[in-house]
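Chain and residue survey
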Amino acid sequence: MGNRTEQSKGYIPQKTGNGCPAVIEMLKTGMVSCLLDEDLTFLWGNSSFFTGLGYTQEAFCSLFNNLRQYYAVIPDEFAFIRQKLTQALKKNCFDIEMNVRLPLKEGGFSWAHLYGTIKEDTAAGGMILLAELTDVGEFMVKQEEQERLCQQKLQYFQFMLDTYEGNVYVSDMDTYELLYVNQHTCDVLGEPAIKVLGHKCYEVIQGRTSPCPFCTNNKLTEDQFYEWEFKNPVLERTFRIKNRIINWEGRRARLELSYDMFSTEYKLAKKDQERDALIRSVPGGLARVDGRDMRTVLWYSGGFLDIIGYTKEQFEKELHSQCTYAHPDDIEHVDAVMEQSKKTGESTMLEGRIVTRDGISKILMLTYSYVSGEDSWDGIPSYYSVGVDVTAERMEQARQKRALEDACKAAQIANDAKTNFLSSMSHDIRTPMNAIIGMAVIAQANLQSPERIQDCLNKINVSSRHLLSLINEVLDMSKIESGKVDLLSEPVSLPELIEDVMDVFRPLAAEKHQELQINADHVRHENVVSDQGRLQQVLVNLLSNAVKYTPDGGSVGLRVRELPSFAKGRGQYEFIVTDNGIGMSEEYIPHIFEPFSRAEESKTKQIQGTGLGMAITQNIVRMMNGTIEVKSTLGVGSEFIVAVSFELCEEVDENTDELAGLPVLVVDDDQIICESAAEILDELGMRSSWVLSGKEAVRRVVDAHEAKDDFFAVILDWKMPEMGGLETLKVIRKQLGMDIPIIVISAYDYSDIEEEFWMAGADAFITKPLFKSKISRTFHQICQSGRSDAMAIPVEKACFSLDGKRILLVEDNQLNREIAAELLEMNGFLIDEAENGQLAVDMFKASAPGKYDCILMDIQMPVMDGYRAAETIRALNREDAGSVPILALTANAFATDIGKAHSAGMNDHVAKPIEVGRLLETLQRWIR
């Protein structure tokens with residue numbers, strides 16, 4: 001009658017004469033509505049409903065007031081519908097669906113699918129059923145035909161079981177009751193079927209009181225038979241059994257077929273079993289190919305279908321049992337080998353390719369043996385073939401070959417790289433060595449000329465430091481590659497770290513007249529936990545390259561940025577190093593972090609280096625669980641971005657009440673620096689303003705003074721275009737006098753211009769980048785002093801004199817000991833010397849308490865090394881044994897060595913070769 005419509009679920013107010021809504025009346029689908037009383041009183045129906053039954057509306061309504069009267073000819077159908085409606089109401093289900101029969105006017109009935117909705121209708125006086133009826137007569141006819149065919153097949157199946165020459169029985173899978181036995185089974189059991197049906201299968205067949213494990217295991221399936229052998233103790237014979245799950249008259253049942261050891265079938269099955277075992281032992285597939293066309297496969301077994309990738313049906317229907325699965329490029333060769341087998345009468349062998357149904361190419365080891373028609377059992381000449389899949393083996397051989405070739409190539413590349421490295425290192429090491437030796441010869445020849453000697457010594461110092469950096473890089477890379485590098489976890493002040501790094505590069509950049517752009521961006525946590533030495537090494541390597549590969553007059557930048565971090569107690573930081581130097585090609589960028597790698601450019605060949613710096617940098621960043629990204633354009637410049645996550649140190653809340661509301665003007669031609677400084681000032685509670693030029697700064701300061709809203713202070717950049725910092729400072733002082741503190745900021749070393757700025761009226765100097773702690777400390781000192789006159793560069797701690805302090809110097813190398821003693825004595829120390837650790841222990845034991853202010857201890861020494869000597873001294877029973885500072889003075893300068901020194905009771909670590917400034921700084925820190 002048509003398709004279901006959504007209107008069956010809604011209430012339509014416009015109705016026809018018999019009460020049917022006008023919209024539903026027009027539908028081609030039968031629609032009907034009944035009151036949910038005992039008889040299902042008829043309310044209305046649409047024209048399609050009446051037409052489908054063969055009635056007019058008037059005829060139907062005159063004959064039937066309710067559905068009980070309509071279904072009088074098939075009352076069981078009315079009872080079925082009434083029951084479904086009652087069940088739906090009990091479950092509070094208001095949608096109903098079922099197949100129903102509809103009596104026709106001319107006799108008989110039609111099938112319809114009923115979609116119904118139960119709803120409350122106040123106009124009808126209660127609950128009603130609104131139903132849509134879809135004709136499914138053709139479907140039901142097909143269903144009945146299928147049931148008939150199924151019943152016919154079941155009868156035929158039962159006939160086959162009845163005539164089966166072996167034993168057959170069917171038992172319920174849940175109750176184990178016997179549902180069927182054939183006559184042969186009755187003969188074996190010696191009982192008629194009527195006496196065994198309905199009884200437990202395990203009781204009747206095996207004499208057991210509980211199910212046997214073979215009847216209940218998970219090997220039973222509906223797809224295939226499960227075969228097994230069983231020796232029945234009751235029947236005293238062995239059975240060959242096949243089990244499978246089937247549907248038996250609507251019940252889930254187990255079908256069992258069996259024959260005993262005395263039957264011919266059993267003996268043949270045993271022979272088949274032996275044959276199958278032999279076939280399974282062949283690691284491949286077997287096939288018999290028709291010798292007349294050399295293409296048709298007459299028989300196959302083993303793993304044949306699995307190898308070619310076809311099912312039995314696909315092989316027969318798609319390939320028509322032809323061996324067209326052979327690779328087209330190999331067919332002629334295979335034919336020739338088959339012909340050879342026919343001519344010689346001996347087996348032949350070859351490797352050939354096939355193409356599976358999925359298009360996968362496989363390599364098979366094939367053997368062929370020819371049997372003539374006279375010798376064949378069916379008169380057909382044939383080639384018997386065994387095919388073994390050797391694809392995996394050949395692929396593995398190819399992989400191993402490629403791996404060997406790659407390894408050989410890699411070894412060759414590594415060998416070439418090391419050869420090039422040794423050649424480069426030989427040149428790079430010899431260059432400073434030649435300078436050292438040459439300058440030493442020149443100094444000896446000019447002993448009467450102090451100026452000439454001083455010049456030679458300066459050049460020797462520069463060359464020796466360069467030589468030391470080369471050696472350090474080689475040793476560092478060796479440590480990293482062997483996995484022996486450990487990172488320290490120590491508090492690190494980022495402002496101090498950056499200042500230390502910039503102290504190294506300001507003079508280098510000044511020598512090449514390079515512009516420095518230093519900036520701290522949103523750095524809110526200045527104290528972190530990291531390995532300060534390694535982090536500094538990363539920045540030094542990157543900035544060193546930036547300075548080296550940027551021509552004179554170029555620009556080099558360092559930007560420190562703190563990013564939002566969602567990990568509690570951790571901060572995410574970026575260190576960005578930029579330059580506008582020679583840059584790198586796209587082809588070289590992927591190789592920049594490879595050891596010994598340097599770009600093959602004429603400009604880079606003139607620059608000294610080992611090619612290890614970037615490899616070391618990347619490895620250190622990785623050990624910190626960070627990343628390093630490179631962006632570069634040849635001839636334009638480069639950018640390196642190091643992203644690292646640090647554990648944050650606890651920050652001490654600083655009292656900024658005295659700074660609250662104080663107005664400050666920031667003057668810098670770099671807008672990023674202005675915005676960053678303004679943000680810091682705002683965080684301190686001050687009122688920030690910024691301008692990008694000296695002229696604008698003068699105007700703003702004068703305007704503020706005239707408006708009687710003077711700035712508390714001005715932060716002024718040193719180098720700016722048009723009107724520089726010095727000129728701006730002089731104009732402000734001329735206009736307003738000395739009332740406003742002016743703080744000069746610079747990325748450069750201001751020692752050369754410091755006096756000139758002081759004379760012009762500067763109050764303080766701050767080096768870039770601008771950290772919150774630097775700015776805060778400066779303004780607090782201004783507030784506390786009451787005037788900027790007291791403010792200058794932060795006052796260093798007073799150093800007390802080390803003259804007359806006695807040091808026990810422990811060093812086994814006489815020349816090193818002589819050098820160290822001379823350096824220390826030049827700075828006022830008194831020196832006692834010991835040649836090994838044991839002698840140092842004896843000298844300390846024999847000394848008066850407090851005699852030695854410090855012990856400088858070498859590590860690698862004969863008799864007793866430095867670690868044992870330090871442990872022995874610390875263990876002595878005297879008051880100063882635990883308090884005397886013991887400093888490791890050694891060439892073992894890695895993190896693990898520092899850790900060992902601390903574990904042995906040493907206070908600190910000074911690396912060789914001796915840097916006098918660092919040694920004196922360390923002694924100053926520990927000697928009291």
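As a reminder, the structure under discussion sits directly above these lines.
This structure is a prediction, so every number in the text was calculated from the model and none was measured. (Residues numbered from 1 in each chain as written. Predicted model: local features only at pLDDT ≥ 70, side-chain atom pairs only at ≥ 80, totals over all residues. Heavy atoms only, no water.)

**Some remarks on the overall build of the protein**
Scanning the protein from N- to C-terminus turns up 30 helices and 32 strands. Considering only contacts in the protein between residues 6 or more positions apart, those separated by 24 or more positions represent 60%. Summing over all exposed atoms, the protein offers an accessible surface of approximately 49700 Å²; the carbon and sulfur share of this is 52%. (Helix = DSSP H or I, 4+ residues; strand = E, 2+ residues; numbered from the N terminus. Contact = heavy atoms within 4.5 Å. Areas by Shrake-Rupley, 256 points an atom, 1.4 Å probe, with all protein chains shown as cover.)

**A look at helix H18 (residues 532-548)**
Here H18 contains 17 residues, and its C-alpha end-to-end distance of 24 Å stays within 8% of the 24 Å for a straight helix at 1.5 Å per residue. Turning to H18, its buried residues are Arg-534, Leu-535, Val-538, Leu-539, Asn-541, Leu-542, Leu-543, Asn-545, Ala-546 and Val-547. (Expected span 1.5 Å × (residues − 1). Buried < 20%, exposed > 50% of the residue type's maximum accessible area, 1.4 Å probe, protein only.)

**A closer look at the sheet that holds strand S14 (residues 361-371)**
Strand order in the open sheet formed by five strands is S12-S11-S15-S14-S13, with antiparallel pairing between adjacent strands. One side of each edge strand has no neighbouring strand; the edge strands of this open sheet are strand S12 (297-302) and strand S13 (348-355). Neighbouring strand axes in the sheet, compared pairwise and without regard to direction, differ in orientation by 25° on average. Of the strand pairs in this sheet, S13 and S14 are connected by eight bridges, and their pairing is antiparallel. Along S14, the bridge assignment pairs Met-349 with Thr-367. (Pairing = 2+ DSSP bridges. Axes fitted to C-alpha atoms, helices over the stretch in contact; angles between N-to-C directions.)

**Regarding unusual backbone geometry**
Omega for the peptide link from Lys-768 to Pro-769 comes to 5°, which places this bond in the cis form. Tracing the backbone through its elements, the reader meets Pro-769 in the loop between strand S27 (764-767) and helix H25 (772-785). If you check the backbone angles, Leu-40 has positive phi at about 55° while not being a glycine. With respect to the secondary-structure elements, Leu-40 resides in the loop between strand S1 (30-35) and strand S2 (42-45). Judged by relative accessible area, which is 1%, Leu-40 ranks as buried. For Tyr-176, which is not glycine, the phi dihedral falls at a positive 65°. Secondary-structure assignment places Tyr-176 in the loop between strand S6 (167-172) and strand S7 (178-181). With relative accessibility at 18%, the residue Tyr-176 sits in the buried group.

**Digging into the pairing of strand S31 (residues 886-890)**
Of all five residues in S31, five are buried; the element is thus mostly enclosed. By the bridge criterion, three bridges tie strand S30 (residues 854-857) to S31 in an arrangement that is parallel. Bridged to Met-857 within S31 is Ala-888.

**Some points on helix H21 (residues 671-683)**
Given 3.6 residues per turn, any residue in an α-helix points the same way as the ones three and four places further on. The terminal C-alpha atoms of H21, which comprises 13 residues, lie 18 Å apart, in line with the 18 Å expected from a rise of 1.5 Å per residue. Residues of H21 that are buried: Ile-673, Cys-674, Ser-676, Ala-677, Ala-678, Ile-680 and Leu-681. One side-chain oxygen at the N-terminal end of H21 lies 3.0 Å from the backbone nitrogen of Ile-672; it belongs to Asp-670. Residue Gly-685 follows H21 closely and has a positive phi angle near 90°. (Polar contact = N/O pair within 3.5 Å; in protein donor to acceptor, adjacent residues only side chain to side chain.)

**With respect to a nonpolar patch on the surface**
On the surface, Met-433, Ile-437 and Val-441 cluster together into a nonpolar patch covering about 250 Å² of accessible area. Positionally, Ile-437 belongs in helix H15 (residues 391-445). (Patch = residues over 30% accessible without salt bridge, like charges linked within 9 Å, V, L, I, M, F, W, Y side chains within 5 Å. Salt bridge = Lys/Arg side-chain N within 4 Å of Asp/Glu carboxyl O.)

**Quick word on the pattern of salt bridges**
If the charged atoms of two oppositely charged side chains come close together, the side chains can form a pair. Tallying each qualifying case throughout the model produces 31 salt bridges. Residues Arg-251 and Glu-177 are paired through a salt bridge, measuring 4.0 Å at the closest nitrogen-oxygen approach. With a gap of 74 residues between them, Arg-251 in strand S10 (residues 251-260) and Glu-177 in the loop between S6 and S7 connect regions that are remote in the sequence. Residue Arg-251 is classed as partly exposed on the basis of its relative accessible area, which comes to 34%. The class for Glu-177 is partly exposed, based on a relative accessible area of 27%.

**Considering the packing of aromatic side chains**
One pass over the structure, following the stated rule, counts 25 aromatic pairs. Each member of the aromatic cluster is reached from another via a ring pair, and the members are Phe-42, Phe-49, Phe-50, Tyr-55, Phe-60, Phe-64, Tyr-70 and Tyr-71. If you follow Arg-101 out to its NZ or CZ, it ends over the ring of Phe-109, 5.2 Å from the centre. Seen from the ring of Trp-718, Lys-719 lies directly overhead, with NZ or CZ sitting 5.3 Å from the centre. (Phe/Tyr/Trp six-rings, centres within 6.5 Å; stacked < 30°, edge-to-face > 60°. Lys NZ or Arg CZ within 6 Å of the ring centre and 35° of its normal.)

**With respect to the sheet that holds S1**
Spatially, the five strands line up as an open sheet ordered S2-S1-S5-S4-S3, and their pairing is antiparallel. The two strands at the open ends of the sheet, each matched to only one other strand, are S2 and strand S3 (95-103). Strand-to-strand, the axes of this sheet are offset by a mean angle of 25°, without reference to chain direction. Across three bridges, the pairing between S1 and S2 is antiparallel. The residue bridging Ser-33 from the neighbouring strand is Trp-44, located in S2.

**Some details on the side chain of Arg-817**
Structurally, Arg-817 can be placed in helix H26 (residues 814-826). Arg-817 gets classed as buried once you look at its relative accessible area, which sits at 8%. Apart from residues no more than four positions distant in its own chain, Arg-817 is found in contact with Leu-809, Glu-811, Asp-812, Glu-833, Ala-834 and Glu-835.

**Re the packing of H18 against helix H20 (residues 613-623)**
One way to put it is that H18 packs onto H20 with a least axis distance of 9 Å and a crossing angle of 145°. Here the hand of the crossing between H18 and H20 comes out left-handed. Residues Arg-534, Gln-537, Val-538, Asn-541, Leu-542 and Asn-545 of H18 form the contact with H20, whose participating residues are Gly-613, Met-614, Ile-616, Thr-617, Ile-620 and Val-621. Class assignment of the residues belonging to the contact of H18 with H20 gives a composition of six nonpolar, five polar and one charged. (Left-handed = near helix turned anticlockwise from the far one by under 90°. Nonpolar A, V, L, I, M, F, W, Y, C, P; charged D, E, K, R; others polar.)

**Quick notes on the nonpolar core**
Judged by nonpolar contacts, the single largest core of 71 residues is most densely connected at Phe-575 and Phe-757. Leave out the neighbours within four places in its chain, and Phe-575 touches Leu-494, Ile-498, Leu-535, Leu-539, Arg-559, Val-560, Phe-640, Ile-641, Val-642 and Phe-646. Of all hydrophobic cores here, the second largest spans 29 residues; its members include Cys-34, Leu-53, Ile-74 and Ala-88. (Core = buried A, V, L, I, M, F, W, Y, C linked by side-chain atoms within 4.5 Å.)

**What about the environment of Thr-344?**
Assignment of secondary structure puts Thr-344 in helix H14 (residues 331-344). The class for Thr-344 is partly exposed, based on a relative accessible area of 46%. Linking Thr-344 and Tyr-370, residues 26 residues apart in sequence, is a C-alpha distance of 9.3 Å. A distance of 2.8 Å separates a polar atom in the side chain of Thr-344 from the backbone oxygen of Gln-340. Among the polar contacts listed, one links the side chain of Thr-344 to the backbone nitrogen of Glu-346, at a separation of 3.3 Å.

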